[in-house]
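A closer look at the structure
Here are the chains, one letter per residue:
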Amino acid sequence: MQLQTQTRPKVISVQVLEDRIDAATAIQFKERMRDVTKDGPARVVLDLARVQFLDSSGLGAVVAVKKLLGPDRVLELSGLTPTVEKVFRLTRMDSIFTIHSTLEAAVSHAASA
């Protein structure tokens, strides 16, 4: 699972450089996310702009990462493709996560918070 991170003041952004998060990659995704976010700012933005497919295992992995961050840190999402956005909407997870249209919008929101 390839991820690209960038730490900025108040926020770390994590871009998923894969086209899917599914049963075959969910565990590796969680482990990599735990590693790249273990020390860092309170805000984590997960950019899913390249992810074209997310199944229930992938959704569960994203939720697990949110829980791993604990109560003092927040996981926000950005760049959801239409297919991935539909998964979040149908499962009502769009009400649990703050979702930004782009990574840039998420980062500027974080900087102004």
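Above this note sits the structure.
Description of the structure in this document. This is a predicted model, so every value here is computed, not measured. (Residues numbered from 1 in each chain as written. Predicted model: local features only at pLDDT ≥ 70, side-chain atom pairs only at ≥ 80, totals over all residues. Heavy atoms only, no water.)

Counted residue by residue, strand 6 (residues 74–78) has four buried out of five residues, so it is predominantly covered. Two elements, strand 4 (residues 43–47) and strand 6, share five bridges in a ladder whose sense is parallel. Bridge assignment links arginine 43 to a residue of strand 6, and that residue is valine 74. Of the strand pairs in this sheet, strand 6 and strand 7 (residues 98–100) are connected by three bridges, and their pairing is parallel. Along strand 7, the bridge assignment pairs serine 78 with histidine 100. A crossover links strand 6 with its parallel partner strand 7, the connecting element being helix 3 (residues 82–90), and its sense is right-handed. (Buried < 20%, exposed > 50% of the residue type's maximum accessible area, 1.4 Å probe, protein only. Helix = DSSP H or I, 4+ residues; strand = E, 2+ residues; numbered from the N terminus. Pairing = 2+ DSSP bridges. Right-handed = clockwise from strand over helix to strand, strands pointing away.)

Read across the sheet, five strands follow the order 1-2-4-6-7 without closing on themselves; strand pairing throughout is mixed. A strand with exactly one partner marks an edge of an open sheet, and here the two such strands are strand 1 (3–8) and strand 7. Across this sheet, the average inter-strand angle for adjacent strands is 25°, counted without regard to direction. Contacting strand 4 and strand 6, helix 2 (residues 56–69) runs over the sheet at an angle of about 145° to strand 6. (Axes fitted to C-alpha atoms, helices over the stretch in contact; angles between N-to-C directions. Contact = heavy atoms within 4.5 Å.)

Moving on to the packing of aromatic side chains. Evaluation of the coordinates by the stated rule reveals one aromatic pair. Note on phenylalanine 88 and phenylalanine 97: the rings are 5.8 Å apart at their centroids and 85° apart in plane angle, and the pair reads as edge-to-face. (Phe/Tyr/Trp six-rings, centres within 6.5 Å; stacked < 30°, edge-to-face > 60°.)

Position of threonine 91 relative to the elements: it lies in the loop between helix 3 and strand 7. Overall, threonine 91 belongs to the partly exposed group, its relative accessible area being 37%. Separated by 53 residues in sequence, threonine 91 and lysine 38 have C-alpha atoms that sit 27 Å apart. Separated by 2.8 Å, the side chain of threonine 91 and the backbone oxygen of valine 87 make a polar contact. (Polar contact = N/O pair within 3.5 Å; in protein donor to acceptor, adjacent residues only side chain to side chain.)

Take the pattern of salt bridges next. Tallying each qualifying case throughout the model produces two salt bridges. Aspartate 22 is the salt-bridge partner of arginine 20, the closest N and O atoms lying 2.6 Å from each other. Residue arginine 20 is classed as partly exposed on the basis of its relative accessible area, which comes to 36%. Its relative accessible area of 10% is what places aspartate 22 among the buried residues. Between glutamate 76 and arginine 43 there is a salt bridge; the shortest N-O distance is 3.0 Å. With glutamate 76 in strand 6 and arginine 43 in strand 4, this residue pair connects regions lying 33 residues apart in the sequence. For arginine 43, a relative accessible area of 17% puts it in the buried group. (Salt bridge = Lys/Arg side-chain N within 4 Å of Asp/Glu carboxyl O.)

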